[in-house]
Number of protein chains: 2
Amino acid sequence: MSLNASSSSTPSRPIVLTGDRPTGPLHLGHYIGSLKSRVELQHTAQQFILLADTQAMTDNVGRHQRVTENVMEVALDYLAVGIDPEKSTIFIQSQIRELYELSMVLLNLVTVSRLERNPTIKEEIRLRGFERDIPAGFLTYPVSQAADITAFKAVLVPVGNDQLPMIEQTNELVRRFNNVVGKDILVECKELLSATSRLPGIDGKAKMSKSLGNSIPLGATPAEIKKAVNNMYTDPNHLRVEDPGQVEGNVVFSFLDAFDPNKDELEGLKAHYRRGGLGDSVVKRRLEAQLQAMIEPIRTRREEFSKDKGEVLAMLKRGTERARAVAAQTLSEVNAAMGLNYFD
Amino acid sequence: MSLNASSSSTPSRPIVLTGDRPTGPLHLGHYIGSLKSRVELQHTAQQFILLADTQAMTDNVGRHQRVTENVMEVALDYLAVGIDPEKSTIFIQSQIRELYELSMVLLNLVTVSRLERNPTIKEEIRLRGFERDIPAGFLTYPVSQAADITAFKAVLVPVGNDQLPMIEQTNELVRRFNNVVGKDILVECKELLSATSRLPGIDGKAKMSKSLGNSIPLGATPAEIKKAVNNMYTDPNHLRVEDPGQVEGNVVFSFLDAFDPNKDELEGLKAHYRRGGLGDSVVKRRLEAQLQAMIEPIRTRREEFSKDKGEVLAMLKRGTERARAVAAQTLSEVNAAMGLNYFD
């Protein structure tokens, strides 16, 4: 498995910017929501994948070690699922000063009240219980996100429906900047909406999350997978095998919807479960076998890469250098347009 | 006149951070309020003087050219009044990416409501008529200012009384950062309050300002100086020479207070003016002669330096490189403390 970072992308491929906040190892929810499509995208797009440590810091003050340590974990997850650093550029956000620089330029182009109206931010402020004590870095992180996207002139950004306001905010900043300098320097982007619905937690909660303790990490052992499937929330009213069962909101079926390759068989199972006579244990065994088969090579690759973290770090360094060159080019255009190129 | 930037400072000298927003050539108000003391400070302090173009951008969106063009004008003013780039480090803020980087780190350590409570920002928002449309970059500029101060580990910051909240905000951020990383990396600073009171505009308005058209620039010609003094606001009730006149609020006397080297003679004049019998034209002639004598060498030096702007730019480049090395050292400590030194 080579970790060379030489680019095989061609300029005609659309530029995609995506990434994750490194606050914990990734799990099946990430896999189905984004990682899987990134592996596919690397054949058709010029993909920049950022380990968003700077962004993660905005709501992890005092937990910076958690962020910096998980950069390696998430990088291992990327490699484990088959993201190829020869095809995609994997980089660490904090190591590219040009992103800070562009953030500061864009901060002048948006009002505080506009940031406060951002529905995604509003919801996240509510979730985190910040109320009036919103860190300034958190309120302004959509600007930093816009800098990430525009520094690479990305035209496609994979997002969920809940993140559409971020795309809108980014494009507002692009238009405002270009208008102010009277030149089309930055590029507007479009959302690339995920085709799959969000994977629930094994407890049936809407979102799978490490912090909620309801996730199956990509490096899960066979025993952990077995336990997770056994603990999955099904239909609480499906007490006896012969009872009719409910498929909607039944986590085992949500997972089968996401992972079962045989959709016809799955529909047959659902019908059977609905009319009664199909026990939870049967569907759980089916799901477990599929998850074991799917995760096994991921876990093996993950373990393989973990053996030489120095090499993974070297890969990240090469990716970061490659990304930095691209961002530096954009910033040199931005600065020239604003007359901030005194020494050129 | 040499423009070499080799440092003659010694580590035992206190580090001072000061500077100006380059939005226009400097004037006598700047001279008496800060430039004069900078010339003195360079013998006793390690002085970093920043041309705060990034900060000026926060309320000059769409007027970026005005900012970038005035960087040279202000640099010429510095050299003209006798700031010696061998003794002080003159640099351009925007060219030091480490300042953006530190700003983004500090942004996470302050809440939006704390920034909104800053009295200086409140007053400036009122003056600029921003109301609810405050650019995010403007609300957060005290954080950027704190980054400027702390990146150089400045212990003294020359300010007016109205800027004390900025010092307080900076020190709050220093304590918060050091507390979060559990290590004393950043350094608290103290205000260096100006001994002189603010010079009024020639129209009697509280503040001399280019934009108010009531200033005397440091490069003023003899004719401009003459005209400015002739137009100075005196005592509107002092109609005839024999009438008693008022010294308080009389701009000519405010200027004499600031510039007249012979304080005894000045007190005599004031007494004479108060009891009547001393015409405005007499005091104006005295002031004009003094201003002509004071500005003449400044203007001459300014013209001299203007002849080779390439050399001034080279001086700024050397100063910026020297400043950048200092800021880079601080940022390397900051990043190491946060674990953001992945590639070291």
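A quick note: this is a predicted structure, and the numbers were derived from the prediction, not measured. (Residues numbered from 1 in each chain as written. Chains lettered and ligands numbered in written order. Predicted model: local features only at pLDDT ≥ 70, side-chain atom pairs only at ≥ 80, totals over all residues. Heavy atoms only, no water.)

Caption draft 1: Representation of the overall build of chain A in the model. Looking only at helices and strands, one finds 14 helices and five strands in chain A. Its C-alpha atoms give chain A a radius of gyration of 22 Å, within 12% of the compact-globule value 20 Å for 344 residues. Counting across all 344 residues of chain A, residues that qualify as buried make up 56%. Taking as baseline every contact in chain A between residues at least 6 positions apart, the subset at least 24 positions apart corresponds to 79%. Carbon and sulfur atoms provide 51% of the accessible area of chain A, an area that totals close to 14600 Å². (Helix = DSSP H or I, 4+ residues; strand = E, 2+ residues; numbered from the N terminus. Rg over C-alpha atoms; globule rule 2.2 N^0.38 Å. Buried < 20%, exposed > 50% of the residue type's maximum accessible area, 1.4 Å probe, protein only. Contact = heavy atoms within 4.5 Å. Areas by Shrake-Rupley, 256 points an atom, 1.4 Å probe, with all protein chains shown as cover.)

Caption draft 2: Summary view of the relation of the copies chain A and chain B. The transform that puts chain A on chain B rotates by 180 degrees and translates by 0.0 Å along the axis, for an RMSD of 0.0 Å. Seen this way, the second copy is the image of the first under a two-fold rotation axis. Distance from the rotation axis, computed per C-alpha, reaches its smallest value in chain A at Tyr100 of chain A: 2.8 Å. The fraction of interface residues of chain A whose copies in chain B are also interface residues reaches 100%, indicating that both copies meet through the same surface. (Least-squares fit on C-alpha atoms with pLDDT ≥ 70 in both.)

Caption draft 3: Spotlight on the environment of Pro22 of chain B. Residues and elements named next belong to chain B. For Pro22, the location among the structural elements is in the loop between strand E1 (15-20) and helix H1 (28-41). By relative accessible area, Pro22 is classed as buried at 0%. Each C-alpha atom, one on Pro22 and one on Ile49, is 12 Å from the other, the two residues being 27 residues apart in sequence. Every residue in contact with Pro22, bar those within four places of it in the chain, is listed here: Leu51, Ala52, Asp53, Ala56, Arg66, Val67, Asn70, Val71 and Val74.

Caption draft 4: View of the pairing of strand E3 (residues 88-92) of chain A. All names here are of chain A. Along E3, five of the five residues are buried, which leaves the element largely enclosed by surrounding structure. Burial along E3 is two-sided: Ser88, Ile90 and Ile92 facing one way and Thr89 and Phe91 facing the other are all buried. In this sheet, E3 lies alongside strand E2 (residues 46-51) in parallel orientation, the contact comprising five bridges. Counterpart to Ile49 in the pairing with E3 is Ile90. (Pairing = 2+ DSSP bridges.)

Caption draft 5: Layout of helix H14 (residues 309-338) of chain A. Look at H14 of chain A: 42 Å from first C-alpha to last across 30 residues, which is about the 44 Å you get at 1.5 Å a residue. Taken from the residues just after H14 of chain A, Gly339 of chain A is the one with a positive phi, measuring 80 degrees. (Expected span 1.5 Å × (residues − 1).)

Caption draft 6: Region of interest: the domain arrangement of chain A. All names here are of chain A. You can read the domains of chain A as domain 1 (15-199 + 309-338) and domain 2 (210-301). Of note, the centres of domain 1 and domain 2, computed from C-alpha atoms alone, are 33 Å apart. Taken together, the contact pairs 14 residues of domain 1 with 14 residues of domain 2. Of the roughly 1200 Å² buried between domain 1 and domain 2, counting both surfaces, carbon and sulfur atoms make up 77%. Taken together, domain 1 and domain 2 are joined by zero salt bridges. The interface formed by domain 1 and domain 2 holds four residue pairs in polar contact (both at pLDDT 80 or more) in total. Where the side of domain 1 that touches domain 2 is concerned, the elements lending two or more residues are helix H1 (28-41) and helix H3 (64-81). (Domains from an automatic or database assignment. Buried area = accessible area lost by both parts, 1.4 Å probe. Salt bridge = Lys/Arg side-chain N within 4 Å of Asp/Glu carboxyl O. Polar contact = N/O pair within 3.5 Å; in protein donor to acceptor, adjacent residues only side chain to side chain.)

Caption draft 7: Structural detail: the nonpolar core. Membership of the largest hydrophobic core comes to 211 residues, with the highest contact counts inside it found for Leu28, Ile216 and Phe255 of chain A together with Leu28, Ile216 and Phe255 of chain B. The contact partners of Ile216 of chain A, leaving out residues within four places of it in the chain, are His27, Leu28, Ile202, Met208, Ala228, Met232, Phe255, Leu291 and Ile295 of chain A. (Core = buried A, V, L, I, M, F, W, Y, C linked by side-chain atoms within 4.5 Å.)

Caption draft 8: Here's a closer look at the side chain of Thr58 of chain A. Structurally, Thr58 of chain A is set in the loop between helix H2 (53-57) and H3. Setting aside chain neighbours within four positions, we find Thr58 of chain A in contact with Arg21, Pro135, Gly137, Phe138 and Tyr141 of chain A together with Asn108 of chain B.

Caption draft 9: Molecular detail of the packing of aromatic side chains. Residues and elements named next belong to chain A. This model, assessed by the stated rule, comprises 12 aromatic pairs over all chains. An angle of 45 degrees between the planes, with centres 6.0 Å apart, marks the rings of Phe255 and Phe259 as tilted. With a gap of four residues between them, Phe255 and Phe259 both fall in helix H11 (residues 251-259), about one helical turn apart. Classification of Phe255 by relative accessible area gives buried; the value is 0%. One Lys or Arg, Arg21, reaches over the ring of Tyr141 and ends 4.6 Å from the middle of that ring. (Phe/Tyr/Trp six-rings, centres within 6.5 Å; stacked < 30°, edge-to-face > 60°. Lys NZ or Arg CZ within 6 Å of the ring centre and 35° of its normal.)

Caption draft 10: Molecular detail of the interface of chain A and chain B. Listed by partner, the interface residues are 49 residues for chain A and 49 residues for chain B. Interface of chain A and chain B: buried area, both sides summed, is about 4400 Å²; carbon and sulfur atoms make up 66% of it. Remark: the boundary between chain A and chain B carries four salt bridges. Linking Glu101 of chain B and Arg97 of chain A is a salt bridge whose minimum nitrogen-to-oxygen distance equals 2.1 Å. Remark: the boundary between chain A and chain B carries 16 residue pairs in polar contact (both at pLDDT 80 or more). Secondary-structure elements contributing two or more residues to the side of chain A that touches chain B are H2, H3, helix H4 (97-107), helix H5 (112-117), helix H7 (136-139), helix H9 (164-181) and H14 of chain A. Counting residues per element, the side of chain A that touches chain B draws most heavily on H4 of chain A, which supplies seven residues. For the side of chain A that touches chain B, the per-class residue count stands at 25 nonpolar, 15 polar and nine charged. (Nonpolar A, V, L, I, M, F, W, Y, C, P; charged D, E, K, R; others polar.)

Caption draft 11: View of the environment of Thr58 of chain A. All names here are of chain A. Overall, the relative accessible area of 5% leaves Thr58 in the buried class. In sequence terms Thr58 and Leu26 are 32 residues apart; their C-alpha atoms lie 19 Å from each other. A distance of 2.6 Å separates a polar side-chain atom of Thr58 from the backbone oxygen of Gln55.

Caption draft 12: Representation of the confidence of the model for chain A within the structure. The predicted model of chain A averages 93 in pLDDT, with 97% of residues at 70 or higher. Here residues 4-10 of chain A scores under 50 on pLDDT; set against residues more than four positions off or in separate chains, the count is 15 contacts. (pLDDT = per-residue confidence, 0-100.)

Caption draft 13: Fine view of the side chain of Thr89 of chain A. All names here are of chain A. The topology assignment puts Thr89 in strand E3. Here the side chain of Thr89 touches Arg322 through a polar contact of 2.7 Å, side chain to side chain. Once residues lying within four places of it in the same chain are set aside, the contact partners of Thr89 are Gln47, Phe48, Ile49, Gly319, Arg322 and Ala323.

Caption draft 14: Focus on helix H12 (residues 263-275) of chain B. Residues and elements named next belong to chain B. Helix length check: H12, at 13 residues, gives a terminal C-alpha distance of 19 Å against a target of 18 Å (1.5 Å per residue), a fit within 8%. Every buried residue of H12 is listed here: Leu266, Leu269, Lys270 and Tyr273. Mapping the buried residues of H12 onto a view down its axis gives an arc of 100 degrees, with all of them on the same face. Residues Asp264 and Arg275 are exposed on H12 and point more than 90 degrees away from its buried face. Buried positions along H12 lie against helix H11 (251-259) and helix H13 (280-306). Between the side-chain oxygen of the N-cap and the backbone nitrogen of Asp264 there are 3.4 Å, and the N-cap of H12 in question is Asn262. (Arc of directions from axis to C-beta.)

Caption draft 15: Region of the structure containing the environment of Arg324 of chain A. Residue and element names in this part refer to chain A. Along the chain, the position of Arg324 falls in helix H14. Taking the C-alpha atoms as reference points, Arg324 and Ile96, separated by 228 residues in sequence, lie 5.8 Å from one another. If near-sequence neighbours (up to four positions away) are discounted, Arg324 is found in contact with Gln95, Ile96, Arg97 and Glu98.

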